[in-house]
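Residues per chain, in single letters:
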Amino acid sequence: MTLTMAIMDFIPVILFLMASMTLLHDLYHMMSKGAFALLASGLIMISTAGFFKATWKLLYALNICDFTALNNCFFPMQSSGFLIGAIGITALLFFRQKSTVYAIAPAVYSSSMLFVVFTILGTAGIWGSMAYIAKKMGKTKTALVFVLSFICMLMMGYLSSRDFSDPKMNWIGEIVNVIGMTMLWAGIRSLHRDGLETFEMKR
């Protein structure tokens with residue numbers, strides 16, 4: 001693992017964090033406290049998991065230490081974050097937003113298959129909801145950007161099952177991740193400029 005690759009791993013994390021902060025700012029007026037708390041918690045978990053893994057790569061590349069705990073917690077934390085965030089944002093789309101407090105406790109399970117399901121459902125829920133909101137705002141091109149970003153997420157899921165000890169596969173994964181997060185950030189920024197903060201969701 002090279003230092004350049006380790007540093008590059010922070011780019012999609014930063015892009016996702018920027019997109020998350022903008023999204024939370026703009027959706028706050030639409031959401032109940034419970035739904036907003038779930039979305040915020042999920043996005044924070046995803047960002048933290050990404051930061052942990054990028055930090056592990058950096059420490060390893062600098063020959064400081066092999067802090068495997070940072071890498072091992074990445075998948076369970078990120079996949080659970082995707083699911084929790086998806087529950088929060090889909091609640092906005094399909095339920096009346098009152099002051100209902102939602103609660104969820106993600107299961108801890110030894111098999112990775114549960115977390116694969118979490119990731120698929122979570123990314124589909126979050127990215128699909130953003131595409132739906134863009135469509136509601138009459139921004140078809142922005143909705144397409146979210147769809148393309150979601151496709152990148154699916155590609156990342158496939159690539160993560162390949163041999164990442166191969167530098168070529170690692171670089172492909174990094175590039176796809178950066179492209180996907182860039183499109184997510186660009187889509188959310190576009191909706192922000194078009195007035196998402198004051199948009200009224202009609203069901």
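Going by the structure above, here's the rest.
Read on for an overview of the structure.

Parameters at a glance
For every chain, the first residue of the written sequence is number 1, and numbering continues from 1 along that sequence. pLDDT decides what is reported in this predicted model: residues at 70 or higher carry local features, side-chain atom pairs at 80 or more are listed and counted, and totals for whole chains, interfaces and linings draw on all residues regardless. No hydrogens and no water enter the side-chain calculation; it runs on all heavy atoms of the structure. Each helix is a run of H or I in the DSSP string that is no shorter than four residues. Each strand is a run of E no shorter than two, and both are numbered from the N terminus. Any residue under 20% of the maximum accessible area for its type is buried, any over 50% is exposed, and the rest in between are partly exposed; the area is computed with a 1.4 Å probe on protein chains only. Residue contacts are counted whenever heavy atoms from the two residues lie within 4.5 Å of one another. Computed with the Shrake-Rupley method and a 1.4 Å probe, the accessible areas treat only the protein chains shown as cover for residues. In this analysis an axis means a line fitted to C-alpha atoms, helices contributing only their contacting stretch, and an angle means the value between N-to-C directions, from 0 to 180 degrees. To sort the angles, those under 35 degrees are grouped as roughly parallel, those over 145 as roughly antiparallel, those from 65 to 115 as roughly perpendicular, and the leftovers as oblique. Helix crossings fall into two classes, left-handed where the near helix is turned counterclockwise from the far one by less than a right angle and right-handed where it is turned clockwise. Polarity classes work like this: nonpolar for Ala, Val, Leu, Ile, Met, Phe, Trp, Tyr, Cys and Pro, charged for Asp, Glu, Lys and Arg, and polar for all others, with Gly in that last group. Any pair of Phe, Tyr and Trp rings, taking the six-membered ring for Trp, is counted once the centres come within 6.5 Å. Such a pair is stacked with planes under 30 degrees apart, edge-to-face with planes over 60 apart, and tilted for the rest. The patches described consist of residues with a relative accessible area above 30% and no salt bridge, like charges being joined within 9 Å and nonpolar side chains (Val, Leu, Ile, Met, Phe, Trp, Tyr) within 5 Å. Salt bridge, as used here: a side-chain nitrogen of Lys or Arg that lies within 4 Å of a carboxyl oxygen of Asp or Glu.

Details of the overall build of the chain
Then, number 1: Summing up its helical and strand segments, the chain has eight helices and zero strands in all.
Then, number 2: In the chain, the succession of α and β elements from N to C terminus is α-α-α-α-α-α-α-α.
Then, number 3: Counting the 203 residues in the chain, one finds 46% classified as buried.
Then, number 4: For the chain, long-range pairs separated by at least 24 residues make up 79% of all intrachain contacts whose partners lie at least 6 apart in sequence.
Then, number 5: Element-wise, carbon and sulfur atoms account for 68% of the exposed surface of the chain, whose accessible area totals about 10,600 Å².

A few points about the packing of helix 7 (residues 140-159) against helix 8 (residues 167-193)
Then, number 1: Packing of helix 7 against helix 8 brings their axes to within 8 Å, and their N-to-C directions diverge by 155 degrees. Judged on the interaxial angle alone, helix 8 and helix 7 are roughly antiparallel. Judged by the sense of rotation from one axis to the other, the crossing of helix 7 with helix 8 is left-handed.
Then, number 2: In terms of residue class, the contact of helix 7 with helix 8 is made up of 17 nonpolar, seven polar and no charged.

A look at the side chain of Thr 142
Then, number 1: Along the chain, Thr 142 falls in helix 7.
Then, number 2: With relative accessibility at 10%, the residue Thr 142 sits in the buried group.
Then, number 3: When near neighbours in sequence (up to four residues on either side) are disregarded, Thr 142 contacts Ala 134, Gly 187, Ser 190 and Leu 191.

What about the packing of aromatic side chains?
Then, number 1: Enumeration according to the criterion identifies four aromatic pairs in this entry.
Then, number 2: A centroid spacing of 5.9 Å and a plane angle of 65 degrees characterise the contact between Phe 10 and Phe 51, whose relative ring orientation is edge-to-face. One end of the pair, Phe 10, is in helix 2 (residues 10-27); the other, Phe 51, is in helix 3 (residues 33-61), with 41 residues separating them in the sequence.

Details of a nonpolar patch on the surface
Then, number 1: A surface patch of nonpolar side chains, about 410 Å² in accessible area, is lined by Leu 144, Val 147, Leu 148, Ile 151 and Met 155.
Then, number 2: Inspection of the secondary structure puts Val 147 in helix 7.
Then, number 3: Note on Val 147: relative accessible area 38%, which makes it partly exposed.

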